[in-house]
Amino acid sequence: MSSLLRLKNVEKTYYGKFKTHPEKVLKGISFEVEAGEFVSIMGESGAGKSTLLNLIATLDEPSGGTITLDETNLNQVPEDKRAKFRRENLGFIFQDFDLLDNFNVQDNIFLPLVLAKSSLELMTDRLAEIAPRLGLTDLLSKRPYELSGGQEQRVAAARAIITQPKLLLADEPTGALDSKTSEELLDLLEELNDRGQTTLMVTHSAVAASHSKRVLFIRDGMIYHQIYRGELNQKQFLTRISESLTAMLDKE
Ligand SMILES: Nc1ncnc2c1ncn2[C@@H]1O[C@H](COP(=O)(O)OP(=O)(O)OP(=O)(O)O)[C@@H](O)[C@H]1O
């Protein structure tokens, strides 16, 4: 079986404003994600996590190596087709929910399908399926500014999955949430994954990562270590992740 996402020797060098101080941020990252996995990427601030996610999101191009999503080499998606490629293949959840205050919840969730010129029937069918699961049924006519942070993040999650993306990308999705609301969102991500949603999440939080099935640790632009959850429950996996983080930081 071939992997959904494949990174091979991915490198990224930033050249800065005057191109005098090249900084190699990613130094040959290789890993694969199978369909149905829920993988977290952890590492210290500046380790290159967001850089890596941006490359997978086709928001930036690697300086070397290849990234393949479901047999498509991302380097070969022309720039003017990337927005369409993202819409058709990827879902995004970020720390700041990025909802449009002029639209109600329903229209915010519909947005990616409107951009994809989907029929109203398809949009309402998909919404009817996900709104109850995300606890949004009673909120559909509200505006984002009338919602709590947790509700906003659930709307953002609904908007991310309504296109049925091959890969859901989450960048610090709990960063702006209190701990109870974070737990709810992480439970939701786990539930989406249980239903088959392949998910890749960048996070600083060991608690957030403990809801995934595998954690990749990045250090100095390389994959330093990885651990699988296996049969561990979430609390046990949290302990494993914390131990791995401590071991990684002790080697400074
Ligand atoms: N557009 C850019 N131009 C130049 N340098 C950049 C750019 N984006 C990131 N960097 C540099 O690349 C390195 C890695 O940044 P990146 O944001 O990927 O790290 P990170 O692991 O996501 O950090 P954090 O956890 O703090 O978000 C940093 O040294 C940063 O200054």
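Located above this text is the structure these notes cover.
Quick caveat, the model's predicted, so the values are computed rather than measured. (Residues numbered from 1 in each chain as written. Predicted model: local features only at pLDDT ≥ 70, side-chain atom pairs only at ≥ 80, totals over all residues.)

*Asks:* Explain the site of the ligand here, please?
*Replies:* Close to the ligand lie Tyr-14, Val-25, Gly-43, Ser-45, Gly-46, Ala-47, Gly-48, Lys-49, Ser-50, Thr-51 and His-204. Here the element with the most residues in the shell around the ligand is helix H1 (residues 49-56); it accounts for three residues. Its residues assigned to classes, the shell around the ligand comprises three nonpolar, seven polar and one charged. (Near = placed C-beta within 6 Å. Helix = DSSP H or I, 4+ residues; strand = E, 2+ residues; numbered from the N terminus. Nonpolar A, V, L, I, M, F, W, Y, C, P; charged D, E, K, R; others polar.)

*Asks:* How should I be thinking about unusual backbone geometry in this particular structure?
*Replies:* Most peptide bonds take the trans form, and the phi angle of most residues other than glycine is negative. Of note in the backbone geometry, Glu-172 takes a positive phi value of approximately 45° without being a glycine. Mapping Glu-172 onto the fold places it in the loop between strand E7 (167-171) and helix H6 (179-194). One non-glycine residue with positive phi stands out, namely Asp-220, at about 50°. Following the sequence through the fold, Asp-220 ends up in the loop between strand E9 (214-219) and strand E10 (222-228).

*Asks:* Mind showing me how you'd approach the nonpolar core here?
*Replies:* A general feature of soluble globular proteins is that nonpolar side chains tend to end up buried together. Ranked by internal contacts, the top residues of the largest apolar core, which has 60 residues, are Ile-56, Ala-157, Ala-158 and Leu-169. Sort the elements by how many residues they give to this core and helix H5 (residues 149-161) lands first, with six residues. Apart from the residues within four sequence positions on either side, Ile-56 is in contact with Leu-5, Ile-67, Leu-169 and Leu-200. (Core = buried A, V, L, I, M, F, W, Y, C linked by C-beta atoms within 7 Å. Buried ≥ 20, exposed ≤ 12 C-beta atoms within 10 Å, placed from the backbone. Contact = placed C-beta atoms within 7 Å.)

*Asks:* What exactly am I supposed to notice about the sheet that holds strand E8 (residues 199-202) here?
*Replies:* Sheets are built from strands that pair by backbone hydrogen bonding, the pairs being arranged parallel or antiparallel. Read across the open sheet, the six strands follow the order E6-E7-E8-E3-E9-E10; overall the sheet is mixed. Every other strand in the sheet has two partners, leaving strand E6 (90-93) and E10 as the edge strands with one partner each. If you compare each strand with its neighbour and ignore which way they point, the axes differ by 20° on average. As defined by bridge partners, E9 adjoins E10 across six bridges and the pair is classed as antiparallel. (Pairing = 2+ DSSP bridges. Axes fitted to C-alpha atoms, helices over the stretch in contact; angles between N-to-C directions.)

All quantities given are derived from atomic positions and should not be read as evidence of function.
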